[in-house]
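# An overview of the molecular structure
Each chain, written out:
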Amino acid sequence: MVLCFQRAPGPLLPQIQDALAAHGEPLRWAISGVRGDELRLEAVVLTSTPAP
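All chains use their own residue numbering, which begins from 1 and follows the written sequence. Given that this is a predicted model, residues contribute local features only at a pLDDT of at least 70 and side-chain atom pairs are listed and counted only at 80 or more, while totals for whole chains, interfaces and linings are drawn from all residues. Side-chain metrics rest on all non-hydrogen atoms present in the structure, leaving aside hydrogens and water.

### So, the sheet that holds strand E3 (residues 38-46)
Pairs of strands are assigned from DSSP output, requiring at least two bridges between the strands. A run of H or I in DSSP counts as a helix once it spans at least four residues, and a run of E counts as a strand once it spans at least two, with each numbered from the N terminus. The three strands lie next to each other as E1-E3-E2, forming an open sheet whose pairing is antiparallel. Pairing within the sheet leaves two strands with one partner each, and these edge strands are strand E1 (2-6) and strand E2 (25-35). The mean angle between the axes of side-by-side strands here comes to 30 degrees, regardless of whether they run parallel or antiparallel. In terms of strand pairing, E1 meets E3 through five bridges, oriented antiparallel. If you follow Gln 6 over to E3, its bridge partner there is Glu 38. Two residues qualify as a contact provided that any one of their heavy atoms is within 4.5 Å of a heavy atom in the partner residue. Note on method: axes are straight lines fitted to C-alpha atoms, helices fitted across the in-contact stretch only, with angles between N-to-C directions ranging 0 to 180 degrees. Of the strands in this sheet, E1, E2 and E3 touch helix H1 (residues 12-21), which is tilted by about 120 degrees from E2.

Purely geometric stuff here, so don't read any function into it on its own.
Printed below as a string of structure tokens:
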């Protein structure tokens, strides 16, 4: 998945972890681009689907 978000003041790692957690459990991720305060993340996340 690709995710772009605006960085806020403060530590960066918790912001990235929170942004990715909203989409599932991150297996790996990388910052693939930066433009000012906007970061582009590429990540592999595990998501669960509800059982029928």
